[in-house]
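Observations on the model geometry
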Amino acid sequence: MSAASSASAMWVANAATVCPSADALDGKVHLTVANLNSLLHRASEAPTTQAILQGFSTIPPILPSTALCRQLPRWGMKGPPITNRLGRDYGLPGTQLFIYGRDETRGAMPLRYPARQTRAASEAVARLNQTNPNQVIFAQQNPQVIDQGRVP
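Positions within a chain are numbered from 1, following the residues in the order the chain's sequence is written. Totals for whole chains, interfaces and linings use every residue, but because this is a predicted model, local features are given only for residues with pLDDT of at least 70 and side-chain atom pairs only at 80 or more, for both listing and counting. As a rule here, side-chain values cover all heavy atoms of the structure and leave hydrogens and water aside.

The name that an unreviewed UniProt entry assigns to the protein is N-succinylarginine dihydrolase, with the source organism given as Kluyvera cryocrescens.

Attention shifts here to the overall build of the protein. Helix and strand assignments come from DSSP, with helices taken as H or I runs of at least 4 residues and strands as E runs of at least 2, each series counted from the N terminus. Each helix and strand in the protein was counted, giving 4 helices and 6 strands. When the helices and strands of the protein are read in sequence order from the N terminus, they spell out α-β-β-α-β-β-β-α-β-α. Considering only intrachain contacts with a sequence separation of at least 6, the fraction spanning at least 24 residues in the protein is 64%. Put simply, the protein shows about 9,000 Å² of open surface, and 58% of that area lies on carbon and sulfur atoms. Whether two residues are in contact is decided by their heavy atoms, any of which lying within 4.5 Å being enough. Note that accessible areas follow from Shrake-Rupley with a 1.4 Å probe, and for residues the cover is restricted to the protein chains shown.

We call two strands paired when DSSP finds no fewer than two bridges between them. Strand order in the open sheet formed by 3 strands is β4-β5-β6, and the pairing between neighbours is mixed. This sheet does not close on itself; its edge strands, each paired only once, are β4 (82–86) and β6 (136–140). The average angle at which neighbouring strand axes cross in this sheet is 20°, direction not considered. In terms of strand pairing, β4 meets strand β5 (residues 95–100) through 5 bridges, oriented antiparallel. In the strand pairing of β5, L86 is matched with T95. Simply put, an axis is a line fit to the C-alpha atoms, just over the touching stretch for a helix, and the angle between two N-to-C directions goes from 0 to 180 degrees.

So, about the packing of aromatic side chains. Centres within 6.5 Å make a pair out of two Phe, Tyr or Trp rings, where for Trp the six-membered ring is used; the pair is then stacked when the planes are under 30 degrees apart, edge-to-face when over 60, and tilted otherwise. Tallied over the entire structure, the rule returns 1 aromatic pair. Note on F98 and F138: the rings are 5.5 Å apart at their centroids and 35° apart in plane angle, and the pair reads as tilted. Note that F98 is positioned in strand β5 and F138 in strand β6, a separation of 40 residues in sequence.

In this section: unusual backbone geometry. Positive phi is not limited to glycine here, since Q130 has a value of about 55°. With respect to the helices and strands, Q130 occurs in the loop between α3 (119–128) and β6. Judged by its relative accessible area of 32%, Q130 is partly exposed. Per-residue accessibility, obtained with a 1.4 Å probe over protein chains only, is compared with the maximum for each type, and a residue is labelled buried under 20%, exposed over 50%, and partly exposed between these values.

Turning our attention to α3. Listing the buried residues of α3 in full gives R119, A121, S122, A124, V125 and A126. Lining the buried residues of α3 we find β1 (16–19), β2 (30–33), β5 and β6. Just downstream of α3 lies Q130, where phi reads positive at about 55°.

This is the structure in structure tokens:
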């Protein structure tokens, strides 16, 4: 992979969380732009990223709805939540898997290293993306593994 493609892949990975139309309550593609809240030098990128992604709404059949994830320090977001889509076919409904490291209301938290994603932020993104609640799983990373400095 070239340096340019590597940089592009990183930008896309940190740009937004996508909910495909097959998983959305309204049958449309939704994008929630990452707030990059925990990185002061990158937090100002979110409005520009949102404007760029909104430009794709003129390209049929992709009609994304973009939302900007709020800048809340307790959400601890460096980028979009860690997500995966589980399913057999892109045109069929699938399951959105959101992985987080910290849940201040219910679960254990890492003590040594910060958890970059929180359950609250994952839930907010699922709501903003209008993800069908019957097609969402929220799973917490093992806080002890986060504290070992390992990347899942």
